[in-house]
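# Understanding the architecture of this molecule
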Amino acid sequence: MKKYILHIFLLITAITFAQNPKVKAQIETSQIKIGEQFNLKITVNEINNVILPKLELKGLEIIDSVKTDTINDMLIQKYVITGFDSGAFYIPQQHIFIRNQAYLTDSLLVNVATVAIDTTKVKKFPIKSIKAEPYTFDDFKMYIYILLAALAIIGFWIYWFVIRKRKVEEDAPTFRVLPPYEEAVFKLNELDEKLLWQNNKVKEYYSELTEIVRGYIERELSVPALEKTTDEIVEMLKDFNEADTIKTSKETIKKLKELLQEADLVKFAKSKPLALEIEEDRKDALDIISNLKPKPIKKDDELD
């Protein structure tokens, strides 16, 4: 008796499920011709926590898929499908998960028929003669590359042995090296034309001004003045003056010391001298290079 009641319960459940399926797969036709398209629609009576599988077919191809839509609390997914081979093909059952529970759609059979061709109505054409293929770039590619390589070699030869040689001859230096004093005066005039301190570039101005003076001392007295500190340069010149090897005065050495110290304050202590002080330092720089010379060597000294 219990077994009979269980069978009745399962039968009622199956009938109820068939009348109210959770998932359904439908096609608009089961008979198509090769290349003809038809629609597959999968309907789910739920919109929340639904996972649709990726549709995979054998013998049939998916042309397009429409974005999933929801209508009346139902989830609808449509596909456009076609077939390019004749035969009978199945759209397999699809596993659809609703709230982590799997449901299966029905498998659907689709017959793809060939298109009948009436050979009596096909227009026949005579056999055409063989035509030569048109020339393409590949046919001449090798010859073009050889020509370009030859032109490159010729161009290089002309440049290296003709143009370059002529350019080297034209670019040969024709200037003469200025004496230390003339070079320093020339650089001071160039510095004036830059208008550095007038444009609030006082630090750059004093850097170039003292570099000109140091460079003059280095060339004129043959000492590494550019590498020495202010105190080292001043002490060196004092020693030279006491040894009577340079032609200068204590006032010139004093001006040099004050100029270099002023430049150090501007560069390292961010001092900002007034315009009158800057102009005075410029005059002092010219006085220094004008009054600092090596003492000429007397003939008697050379003999000694």
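Our subject is the structure that appears above.
Residues numbered from 1 in each chain as written. Predicted model: local features only at pLDDT ≥ 70, side-chain atom pairs only at ≥ 80, totals over all residues. Heavy atoms only, no water.

A count of helices and strands for the chain gives eight helices and 13 strands. By the burial criterion, 24% of the 304 residues in the chain qualify as buried. The contacts of the chain with a sequence gap of at least 6 include a subset with a gap of at least 24, amounting to 62%. Accessible area of the chain: about 22,900 Å², with a carbon and sulfur share of 56%. (Helix = DSSP H or I, 4+ residues; strand = E, 2+ residues; numbered from the N terminus. Buried < 20%, exposed > 50% of the residue type's maximum accessible area, 1.4 Å probe, protein only. Contact = heavy atoms within 4.5 Å. Areas by Shrake-Rupley, 256 points an atom, 1.4 Å probe, with all protein chains shown as cover.)

Over its 19 residues, helix 6 (residues 250–268) extends 27 Å from the first C-alpha to the last, a length consistent with the 27 Å expected when each residue adds 1.5 Å. For helix 6, the full list of buried residues reads Thr252, Ile253, Leu256, Leu259, Leu260, Ala263 and Val266. Buried residues of helix 6, seen end-on, are gathered within an arc of 150° and therefore sit on one face of the element. Summarising the geometry of helix 6, the exposed residues directed more than 90 degrees from the buried face are Lys250 and Phe268. Lys270 sits one or two residues past helix 6 and shows a positive phi near 55°. (Expected span 1.5 Å × (residues − 1). Arc of directions from axis to C-beta.)

Moving on to the environment of Ile233. Checked against the element boundaries, Ile233 lands in helix 5 (residues 230–242). Overall, the relative accessible area of 0% leaves Ile233 in the buried class. Taking the C-alpha atoms as reference points, Ile233 and Leu256, 23 residues apart in sequence, are found 9.1 Å from one another. Beyond its immediate sequence surroundings of up to four residues, Ile233 is in contact with Arg214, Ile217, Ala225, Lys228, Leu256 and Leu260.

Our next topic: the sheet that holds strand 8 (residues 87–91). With respect to topology, three strands assemble into an open sheet ordered 2-11-8, the strand pairing being mixed. This sheet does not close on itself; its edge strands, each paired only once, are strand 2 (31–33) and strand 8. On average, each strand axis in the sheet is inclined to that of its neighbour by 30°, with strand direction left out of account. Pairing of strand 8 with strand 11 (residues 108–113) involves five bridges; the strand directions are antiparallel. Within strand 11, the position partnered with Gly87 by the bridge is Val112. (Pairing = 2+ DSSP bridges. Axes fitted to C-alpha atoms, helices over the stretch in contact; angles between N-to-C directions.)

Turning to a nonpolar patch on the surface, a few remarks are in order. A cluster of nonpolar residues, Tyr135, Phe137, Phe140, Met142, Tyr143, Ile144, Tyr145, Ile146, Leu147, Leu148 and Leu151, forms a patch on the protein surface that exposes about 1,300 Å² of accessible area. Relative to the assigned elements, Ile146 resides in helix 2 (residues 137–170). (Patch = residues over 30% accessible without salt bridge, like charges linked within 9 Å, V, L, I, M, F, W, Y side chains within 5 Å. Salt bridge = Lys/Arg side-chain N within 4 Å of Asp/Glu carboxyl O.)

Turning our eyes to something else, we now look at the packing of helix 4 (residues 202–221) against helix 7 (residues 275–290). Between helix 4 and helix 7, the shortest axis-to-axis distance is 10 Å and the interhelical angle comes to 10°. As far as their axial angle goes, helix 7 and helix 4 are roughly parallel. In contact with Val202, Tyr205, Tyr206, Leu209, Val213 and Tyr216 of helix 4, helix 7 contributes Glu277, Ile278, Asp281, Arg282, Ala285, Ile288 and Ile289. (Parallel < 35°, antiparallel > 145°, perpendicular 65-115°, else oblique.)

With that settled, the discussion passes to the nonpolar core. Counting 32 residues, the largest nonpolar core has Tyr205, Tyr206, Ile217, Leu237 and Leu256 as the members making the most contacts within it. Looking at this core, the elements with two or more residues in it are helix 3 (180–194), helix 4, helix 5, helix 6 and helix 7. In terms of residue count, helix 4 provides more of this core than any other element does, nine residues in total. Contact partners of Leu237, with chain neighbours within four places excluded, come to Ile217, Leu221, Ile246, Ile253, Leu256 and Leu292. Counting residues in hydrophobic clusters, the runner-up holds 22 residues, among them Ala25, Ile42, Ile81 and Ile98. (Core = buried A, V, L, I, M, F, W, Y, C linked by side-chain atoms within 4.5 Å.)

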